[in-house]
Amino acid sequence: MTAQALIQVLASGLLMGLIYALIAVGLSLIFGLMDVVNFAHGEFLMIAMYATFGLVLATTLDPIVVAPFVVGLLFCVGAFVYVAVVRHAMRAKANAGMVQIFSTFGLAILIQGAAQYLFTPDYRSIKTSWLGGHTLDVAGIFLPWPQIYGGLISIAAFAALSLISRTDFGKALEATREDQGAVALVGIDRNKVFAIGWGLGAALVGLAGTVLAIFYYIHPQVGATFGTIAYVTVALGGFGSVFGALVAGIIVGLVEAITALILPPTMKAVGIYALYLAVVFFRPSGLFGKL
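Only a predicted model underlies this, so the values are computations on that prediction, with no experimental measurement involved. (Residues numbered from 1 in each chain as written. Predicted model: local features only at pLDDT ≥ 70, side-chain atom pairs only at ≥ 80, totals over all residues. Heavy atoms only, no water.)

Quick look at the overall build of the protein chain
Link 1 in the chain: The secondary structure content of the protein chain amounts to 11 helices and two strands.
Link 2 in the chain: The C-alpha atoms of the protein chain give a radius of gyration of 19 Å, which matches the 19 Å a tight globule of 291 residues would have.
Link 3 in the chain: Considered along the principal axes of its C-alpha atoms, the protein chain spans approximately 60 × 50 × 35 Å.
Link 4 in the chain: Burial status across the protein chain gives 47% buried among its 291 residues.
Link 5 in the chain: Sequence separation of at least 24 residues holds for 77% of the intrachain contacts in the protein chain that already meet a minimum separation of 6. (Helix = DSSP H or I, 4+ residues; strand = E, 2+ residues; numbered from the N terminus. Rg over C-alpha atoms; globule rule 2.2 N^0.38 Å. Buried < 20%, exposed > 50% of the residue type's maximum accessible area, 1.4 Å probe, protein only. Contact = heavy atoms within 4.5 Å.)

In structure tokens:
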């Protein structure tokens, strides 16, 4: 193992880690706002990937160009899911937590089944794009441009979230998170905040889906693969912590890359789930969580 090869592995892991962080942050945002785990989060990612694929085929535009439309679509999907499903699940008078879990879990199965029926289990991919198949050579370290783009988009998204937190809406989100009952006394519509929060969380994973569609195969089970990684990332960073999702995503990406270096590439997930078990045993609240 040369120093150059090690740097190559770490650089690749860092870029994928930033993309994992972007996938996970919407999940963490929703939990922090409502204490609800969205088990359909991975399926939102899958919808975004199929939407990107469909728009590229229909318009012949590049995935980068259609990304804003996909993000807007996913915002609407997230807000609709809250209004149509989650809001009613939260009103359950008994076992509310279980009702919320199974409502989003059932939604995930429904979306996955619908995708398999409509699009078949076949793997699809975007054949040509501005970034696909191109790499950046930095002193012998080869970095794929799609992953570079994804890493930059992730950093920009986290910067935007930081700015949003300073706006009136961001303060309303924080206030609703701290005390849902008190915000009603000052005229804040809790349901409206929740709907926008779900829309924002879905839009973020939609943005990640437009990135993944450039270089990853699209199929009905793709959401389950990345959704599981998102849960591990959120658990490591701390449920509800946006900054924790960023740090944990990078850690997960690096651990995955190093595991693939030590073990056969097909076993690269072993390191991720070993890390998850370590978090569960030694720090259940995560690195930056307060649970």
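Side note on helix α10 (residues 242–262)
Link 1 in the chain: Along its 21 residues, α10 runs 31 Å from first to last C-alpha, staying within 8% of the 30 Å computed at 1.5 Å per residue.
Link 2 in the chain: Among the residues of α10, Gly244, Ala245, Leu246, Ala248, Gly249, Val252, Gly253, Glu256, Ala257 and Thr259 are the ones counted as buried.
Link 3 in the chain: For α10, the N-terminal capping position is held by Ser241, with its side-chain oxygen 2.9 Å away from the main-chain nitrogen of Gly244. (Expected span 1.5 Å × (residues − 1). Polar contact = N/O pair within 3.5 Å; in protein donor to acceptor, adjacent residues only side chain to side chain.)

A few points about the packing of helix α6 (residues 168–178) against helix α8 (residues 190–215)
The axes of two packed helices give the description: the angle between them and the distance between them.
Link 1 in the chain: Running from amino to carboxyl end, α6 crosses α8 at an angle of 110°, the nearest separation of the two axes being 10 Å. Taken together, the axes of α6 and α8 are roughly perpendicular relative to one another. Contacts between α6 and α8 involve Phe169, Ala172, Leu173 and Thr176 on the former and, on the latter, Arg190, Val193, Phe194 and Ile196.
Link 2 in the chain: Here the contact of α6 with α8 is composed, by residue class, of six nonpolar, one polar and one charged. (Axes fitted to C-alpha atoms, helices over the stretch in contact; angles between N-to-C directions. Parallel < 35°, antiparallel > 145°, perpendicular 65-115°, else oblique. Nonpolar A, V, L, I, M, F, W, Y, C, P; charged D, E, K, R; others polar.)

Some remarks on the packing of aromatic side chains
Link 1 in the chain: For the coordinates displayed, the defined rule picks out eight aromatic pairs.
Link 2 in the chain: Each member of the aromatic cluster is reached from another via a ring pair, and the members are Tyr20, Tyr216 and Phe226. (Phe/Tyr/Trp six-rings, centres within 6.5 Å; stacked < 30°, edge-to-face > 60°.)

Quick look at helix α1 (residues 3–34)
Link 1 in the chain: With 32 residues, α1 ought to run about 46 Å at 1.5 Å a step, and its terminal C-alpha atoms sit 45 Å apart, in line with that.
Link 2 in the chain: The axis of α1 is deflected most strongly, by about 35°, at Ala24.
Link 3 in the chain: Most of α1 is tucked away, with 24 of its 32 residues classed as buried. (Bend = angle between axes of the 7 residues up to and from the residue.)

Quick notes on the nonpolar core
Link 1 in the chain: If you look at the biggest cluster of nonpolar residues, it comprises 72 residues, and the most contacted ones within it are Ile23, Met34, Phe44, Leu45, Trp198 and Leu204.
Link 2 in the chain: Dropping the residues within four chain positions of it, Leu204 is found in contact with Leu22, Val25, Gly26, Leu29, Ala157 and Leu161.
Link 3 in the chain: In this structure, Leu15, Ile141, Leu143 and Ile148 belong to the second largest nonpolar core, which totals five residues. (Core = buried A, V, L, I, M, F, W, Y, C linked by side-chain atoms within 4.5 Å.)

Re the pairing of strand β1 (residues 135–138)
Link 1 in the chain: Pairing of β1 with strand β2 (residues 141–144), which is carried by four bridges, proceeds in the antiparallel orientation. Considered in β2, the bridge of Thr135 is made with Pro144.
Link 2 in the chain: Remark: two residues form the turn of the hairpin made by β1 and β2, two consecutive strands paired antiparallel; Ala139 in that turn has positive phi of roughly 55°. (Pairing = 2+ DSSP bridges.)

Some details on the environment of Val86
Link 1 in the chain: The topology assignment puts Val86 in helix α3 (residues 63–89).
Link 2 in the chain: Those residues within four positions of Val86 in sequence are excluded, and the remaining contacts are Met34, Val81, Thr104 and Trp198.

Description of unusual backbone geometry
Link 1 in the chain: The phi angle at Asp35 is positive, at roughly 60°, despite the residue not being glycine.
Link 2 in the chain: On the secondary structure map, Asp35 appears in the loop between α1 and α2 (41–59).
Link 3 in the chain: What makes Asp35 exposed here is its relative accessible area of 53%.
Link 4 in the chain: Positioned with a positive phi, Thr60 is a non-glycine residue whose angle comes to about 60°.
Link 5 in the chain: Its location among the elements puts Thr60 in the loop between α2 and α3.

Observations regarding the packing of helix α5 (residues 145–164) against α8
Link 1 in the chain: Put simply, α5 and α8 touch, their axes get as near as 9 Å, and they point 170° apart. With respect to their mutual orientation, α5 and α8 come out roughly antiparallel. The handedness of the crossing between α5 and α8 is right-handed. Within the contact between the two elements, α5 uses Pro146, Gln147, Tyr149, Gly150, Ile153, Ala157 and Leu161 and α8 uses Leu200, Leu204, Leu207, Val211, Ile214 and Phe215.
Link 2 in the chain: Taken together, the residues that form the contact of α5 with α8 break down as 11 nonpolar, two polar and no charged. (Left-handed = near helix turned anticlockwise from the far one by under 90°.)

What to know about the environment of Ile155
Link 1 in the chain: Looking at the secondary structure, you find Ile155 in helix α5.
Link 2 in the chain: Sequence spacing of Ile155 and Leu22 is 133 residues, and the spatial spacing of their C-alpha atoms is 8.4 Å.

Looking at the confidence of the model for the protein chain
Link 1 in the chain: Summary statistics for the protein chain give a mean pLDDT of 92 and a share of 99% for residues scoring 70 or more.
Link 2 in the chain: For the protein chain, per-element mean pLDDT is lowest for helix α7 (residues 180–185), which scores 70, and highest for α2, which scores 97. (pLDDT = per-residue confidence, 0-100.)

A few points about a nonpolar patch on the surface
Link 1 in the chain: Together, Leu6, Leu10, Ile258, Leu261, Ile262, Leu263, Met267 and Val270 make up an exposed nonpolar region whose accessible area comes to about 630 Å².
Link 2 in the chain: Contributing elements (two or more residues each) for the nonpolar patch: α1 and α10.
Link 3 in the chain: Counting residues per element, the nonpolar patch draws most heavily on α10, at three residues.
Link 4 in the chain: Tracing the backbone shows Ile258 in helix α10.
Link 5 in the chain: The exposure class assigned to Ile258 is partly exposed, which follows from its relative accessible area of 34%. (Patch = residues over 30% accessible without salt bridge, like charges linked within 9 Å, V, L, I, M, F, W, Y side chains within 5 Å. Areas by Shrake-Rupley, 256 points an atom, 1.4 Å probe, with all protein chains shown as cover. Salt bridge = Lys/Arg side-chain N within 4 Å of Asp/Glu carboxyl O.)

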